[in-house]
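Structural features, examined
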Amino acid sequence: FLSARQPLPQAPQGKHGKILARAPPKRITSTGVEFEDGTVEEGVDAIVYCTGYYYRFPFLSPDNGIVHLESGDGVKPLYHHLLPPDAPSLAFVGLPAKIVPFPLMEMQARYLAMVWAGQIALPPEEEMARDAAVWEKQQEALPDKYFHLMGGGQFGYNDDLARLCSVAPLP
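Let us look at the structure shown here. Just so you know, these numbers come straight off a predicted model, no measurement behind them.

**A look at the sheet that holds strand β5 (residues 40-42)**
Pairing is antiparallel in the open sheet, where 3 strands are placed in the order β3-β4-β5. Either end of the sheet is taken by a strand with one partner, and the two such strands are β3 (25-28) and β5. For this sheet the average axis-to-axis angle between neighbouring strands, irrespective of direction, equals 20 degrees. With 3 bridges joining them, β3 and strand β4 (residues 32-35) adopt antiparallel strand pairing.

Spelled out as structure tokens, the structure:
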């Protein structure tokens, strides 16, 4: 079961389509969960609390001139979800949400290492800004807290980074 205070734009279905959406929990009993809408699920073996993320970078002021820090819910603009177009010596690794974190961050780190070592040339700042704007446009209908939501798009993103690094894609 998946319980959330707000509807998720991409509710996962699980490998066999058996993840069921439920209202927020009202009460946890010794054998199950009662939800705010009155439904009760018995035989619950485990409960995993996922409280979400709040992006906080105390070393950057809100008017830093590099990135916009959207009320703790997002960082923009970022080229390849990593680099501010006008300050590519600063990187934000691991911002995408609803991802398998370690493979994605490994590809991000590999890409950054190659960029900063001069093995991958970045496009001009204007092109990086246009690329970042495409993601911003795709996400504009969502609440700010879902700005970095990547979900299933992570696999194509990882493959894109692998291609840019001239390495084999992740299995």
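**Overview of the packing of aromatic side chains**
Counted under the stated rule, the structure contains 1 aromatic pair. The aromatic ring of Phe 147 is capped on one face by Lys 76, whose charged end is 4.4 Å from the ring centroid.

**Observations concerning the pairing of β4**
Side-chain alternation along β4 places Gly 32 and Glu 34 on one buried face and Val 33 and Phe 35 on a second face that is also buried. One ladder, built from 3 bridges, connects β4 with β5; its direction is antiparallel. Bridge pairing in β5 links Val 33 to Glu 41. Connecting β4 to the next strand, β5, in antiparallel fashion are 4 residues, including Gly 38 with a positive phi near 95 degrees.

**Remarks on the side chain of Gln 108**
Note that Gln 108 resides in helix α1 (residues 101-116). Residues in contact with Gln 108, not counting those within four places in the same chain, are His 81, Leu 82, Val 93, Gly 94, Pro 96, Tyr 157 and Leu 161.

**Topic: the packing of α1 against helix α3 (residues 154-165)**
One way to put it is that α1 packs onto α3 with a least axis distance of 9 Å and a crossing angle of 25 degrees. The angle between α1 and α3 places the two elements in the roughly parallel class. Seen from above, α1 lies across α3 with left-handed handedness. Contacts between α1 and α3 pair Leu 104, Met 107, Gln 108, Arg 110, Tyr 111 and Met 114 from the former with Gln 154, Tyr 157, Asn 158, Leu 161, Ala 162, Leu 164 and Cys 165 from the latter. Residue composition of the contact of α1 with α3, by class: 9 nonpolar, 3 polar and 1 charged.

**A word on unusual backbone geometry**
Here the amide bond leading from Lys 76 into Pro 77 is cis, since omega sits at 0 degrees, within 30 degrees of zero. On the secondary structure map, Pro 77 appears in the loop between β7 (75-76) and α1. Of note in this structure, His 81 is not a glycine but carries a positive phi near 60 degrees. Structurally, His 81 can be placed in the loop between β7 and α1. On the accessibility criterion, His 81 (14% relative accessible area) is buried. Not every positive phi belongs to a glycine, and Ser 166 is a case in point at roughly 55 degrees. Along the polypeptide, Ser 166 turns up in the segment after α3. Ser 166 sits in the exposed class, given a relative accessible area of 67%.

**Considerations on the environment of Leu 83**
By the element assignment, Leu 83 lies in the loop between β7 and α1. Residue Leu 83 is classed as buried on the basis of its relative accessible area of 0%. Taking the C-alpha atoms as reference points, Leu 83 and Met 128, 45 residues apart in sequence, are found 8.7 Å from one another.

**Points about the side chain of Gln 154**
With respect to the element layout, Gln 154 can be found in helix α3. With near-sequence residues (within four places) excluded, Gln 154 lies in contact with Lys 98, Ile 99, Val 100 and Leu 104.

Rules behind the numbers
- Residues numbered from 1 in each chain as written.
- Predicted model: local features only at pLDDT ≥ 70, side-chain atom pairs only at ≥ 80, totals over all residues.
- Heavy atoms only, no water.
- Pairing = 2+ DSSP bridges.
- Helix = DSSP H or I, 4+ residues; strand = E, 2+ residues; numbered from the N terminus.
- Axes fitted to C-alpha atoms, helices over the stretch in contact; angles between N-to-C directions.
- Phe/Tyr/Trp six-rings, centres within 6.5 Å; stacked < 30°, edge-to-face > 60°.
- Lys NZ or Arg CZ within 6 Å of the ring centre and 35° of its normal.
- Buried < 20%, exposed > 50% of the residue type's maximum accessible area, 1.4 Å probe, protein only.
- Contact = heavy atoms within 4.5 Å.
- Parallel < 35°, antiparallel > 145°, perpendicular 65-115°, else oblique.
- Left-handed = near helix turned anticlockwise from the far one by under 90°.
- Nonpolar A, V, L, I, M, F, W, Y, C, P; charged D, E, K, R; others polar.

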